[in-house]
Amino acid sequence: MAGSFSDFWEDEVLDHLFMKGSYTMPTNLWVGLSTADPLDDNSGQAEPSGGSYARVSTAGSDWDAASGGATANTTTIEFPENTASWGIVTHFCIWDASTAGNMVAHGDLDASRDLTSTGITPRFAVGELDITLG
């Protein structure tokens with residue numbers, strides 16, 4: 001699953017690099033799900049709600065060092081078991097907060113995941129989330 005950066009994150013990085021503003025890195029990043037393409041500007045975001053849905057917190061140690069303009073998760077990212085329908089998930093998103101906040105990256109899943117039945121524990125295996133520049 002390949003992902004790219006959001007407009008928000010791209011603007012923050014450019015402003016920081018060209019000394020137009022400062023950016024404070026979040027202490028964690030949270031991985032979320034979406035039933036629609038969130039788009040770079042986050043206008044298409046359709047994150048599940050209810051049914052025990054929660055974004056999953058990740059630390060710097062959960063991601064590898066960037067190489068060739070890419071990074072990937074180094075640990076399994078596991079969501080809570082759904083207790084109600086979360087819909088058919090087609091995309092992942094990475095956020096700078098556990099709720100609300102700013103989307104910093106997003107990508108499509110290799111295959112959609114049907115989470116309309118309950119009792120499913122969605123997870124991303126090591127290396128499954130690949131975030132690239134370019």
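The rules behind the values
Residues numbered from 1 in each chain as written. Predicted model: local features only at pLDDT ≥ 70, side-chain atom pairs only at ≥ 80, totals over all residues. Heavy atoms only, no water. Helix = DSSP H or I, 4+ residues; strand = E, 2+ residues; numbered from the N terminus. Contact = heavy atoms within 4.5 Å. Buried < 20%, exposed > 50% of the residue type's maximum accessible area, 1.4 Å probe, protein only. Pairing = 2+ DSSP bridges. Patch = residues over 30% accessible without salt bridge, like charges linked within 9 Å, V, L, I, M, F, W, Y side chains within 5 Å. Areas by Shrake-Rupley, 256 points an atom, 1.4 Å probe, with all protein chains shown as cover. Salt bridge = Lys/Arg side-chain N within 4 Å of Asp/Glu carboxyl O. Lys, Arg positive; Asp, Glu negative; His and termini not counted. Charge placed at Lys NZ, Arg CZ, Asp CG, Glu CD. Polar contact = N/O pair within 3.5 Å; in protein donor to acceptor, adjacent residues only side chain to side chain.

Points about the environment of Thr76
Then, in step 1: As for its position among the elements, Thr76 is in the loop between strand S4 (70–72) and strand S5 (77–78).
Then, in step 2: In the structure, Thr76 is positioned 50 residues away from Val126 in sequence and 5.0 Å away in space, judged by C-alpha atoms.
Then, in step 3: Residues in contact with Thr76, not counting those within four places in the same chain, are Arg123, Phe124, Ala125 and Val126.

A word on the environment of Asn73
Then, in step 1: Mapped onto the elements of the fold, Asn73 is located in the loop between S4 and S5.
Then, in step 2: The class of Asn73 is buried, set by a relative accessible area of 2%.
Then, in step 3: In this structure, the C-alpha to C-alpha distance between Asn73 and Ser43, residues 30 residues apart in sequence, is 25 Å.
Then, in step 4: Among residues more than four places away in sequence, those in contact with Asn73 are Asp62, Trp63, Phe124, Ala125, Val126, Gly127, Glu128 and Leu129.

A short note on the pairing of strand S6 (residues 88–95)
Then, in step 1: Where burial is concerned, most of S6 is hidden: 6 out of the 8 residues are buried.
Then, in step 2: Inspection of the sheet shows strand S2 (residues 29–34) paired to S6 by 5 bridges, in the antiparallel sense. The partner of Ser34 across the bridge, within S6, is His91.
Then, in step 3: Sheet topology note: the S6/strand S7 (residues 103–114) ladder contains 7 bridges and is antiparallel. Within the sheet, the bridge partner assigned to Ile88 lies in S7 and is Asp114.

Some details on a negative patch on the surface
Then, in step 1: Side chains of Asp7, Glu10, Asp11, Asp15, Asp37, Asp40, Asp41, Asp108 and Asp110 sit close together on the surface and give a patch of like negative charge.
Then, in step 2: Sorting the residues of the negative patch by element identifies helix H1 (7–17) and S7 as the ones contributing at least two each.
Then, in step 3: When residues in the negative patch are grouped by element, the largest group, 4 residues, is from H1.
Then, in step 4: Looking at the element boundaries, Asp40 is found in the loop between S2 and strand S3 (56–58).

Remarks on the side chain of His91
Then, in step 1: On the secondary structure map, His91 appears in strand S6.
Then, in step 2: Reaching out from His91, the side chain makes a polar contact with the backbone oxygen of Ala36 at a distance of 3.5 Å.
Then, in step 3: A polar contact of 2.7 Å, which involves the side chain of His91, links it to the side chain of Thr90.
Then, in step 4: The contact partners of His91, leaving out residues within four places of it in the chain, are Gly32, Leu33, Ser34, Ala36, Asp37, Pro38, Gly107, Asp108 and Leu109.

So, the pattern of salt bridges
Then, in step 1: Using the criterion set out here, one finds 3 salt bridges in the structure.
Then, in step 2: Glu78 is the salt-bridge partner of Arg123, the closest N and O atoms lying 3.0 Å from each other. Of this pair, Arg123 sits in strand S8 (residues 123–124) while Glu78 sits in strand S5, placing them 45 residues apart in sequence.
Then, in step 3: Its relative accessible area of 43% is what places Glu78 among the partly exposed residues.
Then, in step 4: Among the salt bridges present, the one from Glu128 reaches Arg113, with a minimum N-O distance of 2.8 Å. With Glu128 in the loop between S8 and strand S9 (130–132) and Arg113 in strand S7, this residue pair connects regions lying 15 residues apart in the sequence.

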